[in-house]
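Residue-level structural notes
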Amino acid sequence: MSSYEQHVNTTRVLIVDDDPSLLRLLSIRLSAAGYQVESAASAKIALGVLQNFIPEVVISDLRMEGMDGMALFEQIRLQHPNIPVV
């Protein structure tokens, strides 16, 4: 296994989107590529997930009901300043 494959296999990703179809598709594709994936159907759920799962990156929708992606970004930046949010 190359160092790239080892890195991919250990990379944790949190996906946040209120569209269940897109959330499932992204989860399937990233898991198939070897990433360890957690998903959340809302920003509020994502903040709960971050209590037990610290990802290397968060991929988030911008427009979501309740807390939007920018508000989620601000909360993550305050609580986990080293996690990039895309």
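Everything discussed here concerns the structure shown above.
Below, the structure is looked at part by part. (Residues numbered from 1 in each chain as written. Predicted model: local features only at pLDDT ≥ 70, side-chain atom pairs only at ≥ 80, totals over all residues. Heavy atoms only, no water.)

**Comments concerning the pattern of salt bridges**
How we decide: One speaks of a salt bridge when a side-chain nitrogen belonging to Lys or Arg is within 4 Å of a carboxyl oxygen belonging to Asp or Glu. Starting at the N terminus, helices and strands are each numbered in turn, a helix being any DSSP run of H or I of at least four residues and a strand any DSSP run of E of at least two. Exposure categories follow from relative accessible area, calculated using a 1.4 Å probe and restricted to protein chains: below 20% of the type maximum is buried, above 50% is exposed, and the middle band is partly exposed.
The final tally for this structure, using the stated rule, is 2 salt bridges. Note that Glu56 and Arg12 form a salt bridge whose closest N and O atoms lie 3.2 Å from each other. With a gap of 44 residues between them, Glu56 in the loop between α3 (43-49) and β3 (57-60) and Arg12 in strand β1 (residues 12-16) connect regions that are remote in the sequence. The class for Arg12 is partly exposed, based on a relative accessible area of 26%. When the shortest N-O distance is used, the salt bridge between Glu74 and Arg77 registers 2.6 Å. Linking Glu74 with Arg77, this pair stays in helix α4 (residues 69-79), spanning 3 residues, or about one helical turn.

**Details of the nonpolar core**
This is how the line gets drawn: The term nonpolar core refers to a set of buried residues drawn from Ala, Val, Leu, Ile, Met, Phe, Trp, Tyr and Cys, joined through side-chain atoms within 4.5 Å. Whether two residues are in contact is decided by their heavy atoms, any of which lying within 4.5 Å being enough.
Residues Leu14, Val16, Ala46, Leu50, Val58, Leu72 and Ile76 are the most contacted members of the largest nonpolar core, which totals 14 residues. Looking at this core, the elements that each hand over two or more residues are β1, α3 and α4. Counting residues per element, this core draws most heavily on α3, which supplies 4 residues. The residues touching Ile76, leaving out its near neighbours within four places in the chain, are Leu47, Leu50, Val58, Pro81, Ile83 and Val85. Counting residues in each nonpolar core, the second largest holds 6 residues, with Ile15, Leu23, Val37 and Val57 among its members.

**Observations concerning the sheet that holds β3**
Under the convention used in this document: Following DSSP output, two strands are said to pair if at least two bridges run between them. Fitting a line to C-alpha atoms yields each axis, with helices limited to the stretch in contact; the angle taken between N-to-C directions then spans 0 to 180 degrees.
Sheet architecture is open: 3 strands sit in the order β2-β1-β3, paired in parallel fashion. Only two strands of the sheet have a single partner each, and these edge strands are β2 (36-40) and β3. With direction set aside, neighbouring strand axes in the sheet form an average angle of 20 degrees. Here 4 bridges tie β1 to β3, and the two strands are oriented parallel to one another. The residue bridging Ile15 from the neighbouring strand is Ile59, located in β3.

**Observations concerning the side chain of Thr11**
Position of Thr11 among the secondary structure elements: in the loop between α1 (3-10) and β1. The residues contacting Thr11, other than those within four sequence positions of it, are Tyr35, Gln36 and Glu56.

**Some remarks on the pairing of β1**
Heads up, the condition is: For crossovers, right-handed means that the path from the first strand over the helix to the second runs clockwise, given strands pointing away from the viewer.
With 4 of 5 residues buried, β1 lies mostly within the body of the structure. Pairing of β1 with β2, which is carried by 5 bridges, proceeds in the parallel orientation. Considered in β2, the bridge of Arg12 is made with Gln36. Note on the crossover from β1 through helix α2 (residues 20-32) to β2: the handedness is right-handed.

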